[in-house]
Amino acid sequence: MESCDCYDTQGHQDELLVRYQYISDVLIAVAYFSIPLELIYFVQKSAFFPYRWVLMQFGAFIILCGATHFINLWMFFLHSKAVAVVMTIAKVSCAIVSCATALMLVHIIPDLLSVKTRELFLKRKADELDREMGLILTQEETGRHVRMLTHEIRSTLDRHTILRTTLVELGRTLDLEGCALWMPSKSGLNLQLSHTLNYKIQVGTSVPISLPTVNELFNSAHVMYIPHTCPLAKIGPLVGRYTPPVSDWSDLSGKGYAVMVLILPADGARKWRDHELELVEVVADQVAVALSHAAILEESMHARDQLMEQNFALDKARQEAEMAVHARNDFLAVMNHEMRTPMHAIISLSSLLLETELSPEQRVMIETILKSSNLVATLISDVLDLSRLEDGSLVLENEPFDLQGVFEEVITLIKPIASVKKLSTNLILSADLPAYAVGDEKRLMQTILNIVGNAVKFTREGYISILASILKPETLREWQTPEFYPVPSDSHFYLCVQVKDTGCGIHPQDITYLFTKFVQPRRGSHRNQAGAGLGLALCKRFAGQMGGHTWIESEGVEKGCTASFIVRLGVCNAPTHSIADKSKSSQGI
Ligand code: ADP
């Protein structure tokens, strides 16, 4: 019988396969059992674990899968029916649990995915927050730089220092390669390089203002990039090595402006960042403010210089005026003493001569000398009074005097001349006129005499009437004019004197000129009698000094006229007999 070992070889190979499967099943079962153990361990350890029961279910599924593999170990050998039943139960259980798990996963997976989406959303939010945080930090840093720069820029009010500091500080803070300031030239047609920092062109270089880039700059309120080919960024042979410069223009107090060109380092690695551009804008605004302050300071310094010059000129003018016043005072002193004394001598000697025996021709001549001397003496005293009034050196007296006596005195003085001219004189003193008053008797008499003297002088026939009254306190308002503002009081009263005549009258148009010194009317029949034109000017000033005013009314030439004045006099409370004695002694009675 031929022996064959084929079956043996076949059997040996099957046995080997079975053994491998056996070992694999052992390992699979171990792995299956270890997974739920690990799950149980981590679920126990974790504080929060969603879908805990699903994991339990998953664990059961794996254990059952492992169990099927484990039971399989017995299937490789002859096995009993009991093993087959156990195997069947295990497989059925595994099938049920795995199907349930599969169905469960259909519900759970969307949840898991939404958890994932939420997780992604949160992650994105966290990134955004990080970015915002970074932005805030950058802004803080920019703010710090701006504060620092502003402090440096504002620490001076000199225009040149402000611009220089701006360039130096910006160059340092932004680590710039170059920095330049262009300003409009005087003609306004060019932009001139006024300040520069590491810039390769010379201060004073100019570019035309009509350049399209410059135009674009004027229309933009913000910083902007300009091409490196632009003449504002002109840097000779190095063109192209620079990153595009940023420039900015600021309105300087609405009048001027400046273009600032900033250039980044030449390596090209750096680009302008938003916060740097912001910083440049803020600094430009601050520079504009600082420059407008500097301009105001410059203007006020200029104004101060001008004021000083004016003060100097005024001082000089004052000194000259003082010298003129001195000269005039000297002249007045001479007039007063050196001219009055001989004048009085001429008058007294002429009067004495008239008392002697003279031929008719001699008498006429002496009378003419006397008349002319009187005129000159009056003129000298008028000029003296007027100049004293004008320089304020004339101080009015304020003494009690016999008021009614003043009018009687005037009539006594004027009557002889009036009777020569056959003019009747009439004095009316109102019943309420106080007998005594306080004031400057001499100046009051002078004023009345001037006015009455004019009335006599300019009247050929008729009468001269003098009316003296006091203004009633209740009628004061009616007398009010722009230059005369009477105020009622118990301590004073207003005396009104009106001198009416039937003389040559005055043309209404001439009335306004009468009170101007050295001016006489051009019309009128008595021009030859006119004097120097000082009498009414003096009366006006005396009345003004005495708190009143003067005026003239006339209905026209040859219709007579009324000259009036008002003065304020003090109410006299002193014993009247002492005043009467005093005035008698002053008149030499
Ligand atoms: P004068 O020395 O010339 O009289 P006044 O100042 O006293 O200077 O007077 C100025 C002018 O006013 C006189 O020249 C005269 O023309 C005119 N005038 C003044 N008073 C009268 C009057 N009562 N009647 C007419 N004209 C008068």
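Below you will find a few notes about this structure. These numbers were taken from a predicted model, which means no experiment stands behind them.

Right, let's talk about the pattern of salt bridges for a bit. Inspection of every chain in the model, using the stated rule, returns 11 salt bridges. As a salt-bridge pair, Lys125 and Glu128 come within 3.7 Å of each other at their nearest N and O atoms. Linking Lys125 with Glu128, this pair stays in helix 3 (residues 81–154), spanning 3 residues, or about one helical turn. Assessed through its relative accessible area of 34%, Glu128 is described here as partly exposed. Among the salt bridges present, the one from Asp385 reaches Arg443, with a minimum N-O distance of 3.4 Å. Of this pair, Asp385 sits in helix 7 (residues 360–390) while Arg443 sits in helix 9 (residues 441–457), and the two are 58 residues apart along the sequence. Residue Arg443 is classed as buried on the basis of its relative accessible area of 11%. Connected via shared salt-bridge partners are Asp315, Arg318 and Glu322.

With that settled, consider the pairing of strand 11 (residues 492–501). Judged by how many residues are buried, strand 11 sits mostly within the fold: 8 of 10 residues are covered. As defined by bridge partners, strand 10 (residues 463–470) adjoins strand 11 across 7 bridges and the pair is classed as antiparallel. Residue pairing across strands places Ile470 opposite Leu495, the latter belonging to strand 11. Across 10 bridges, strand 11 lies against strand 13 (residues 561–571) in antiparallel orientation. The residue bridging Tyr494 from the neighbouring strand is Arg568, located in strand 13.

Every buried residue of helix 5 (residues 212–219) is accounted for by Thr213, Val214 and Leu217. Taken end-on, helix 5 shows its buried residues confined to a sector of 100°, consistent with a single buried face. Turned more than 90 degrees off the buried face of helix 5, the exposed positions are Pro212 and Asn219.

Bringing the side chain of His549 into the picture now. Along the polypeptide, His549 turns up in strand 12 (residues 549–554). In this structure His549 comes out as buried when scored by relative accessible area, which is 10%. If sequence neighbours within four positions are ignored, His549 has contacts with Thr481, Glu483, Phe484, Ala543, Ser564, Phe565 and Ile566.

So, how was this worked out
- Residues numbered from 1 in each chain as written.
- Predicted model: local features only at pLDDT ≥ 70, side-chain atom pairs only at ≥ 80, totals over all residues.
- Heavy atoms only, no water.
- Salt bridge = Lys/Arg side-chain N within 4 Å of Asp/Glu carboxyl O.
- Helix = DSSP H or I, 4+ residues; strand = E, 2+ residues; numbered from the N terminus.
- Buried < 20%, exposed > 50% of the residue type's maximum accessible area, 1.4 Å probe, protein only.
- Pairing = 2+ DSSP bridges.
- Arc of directions from axis to C-beta.
- Contact = heavy atoms within 4.5 Å.

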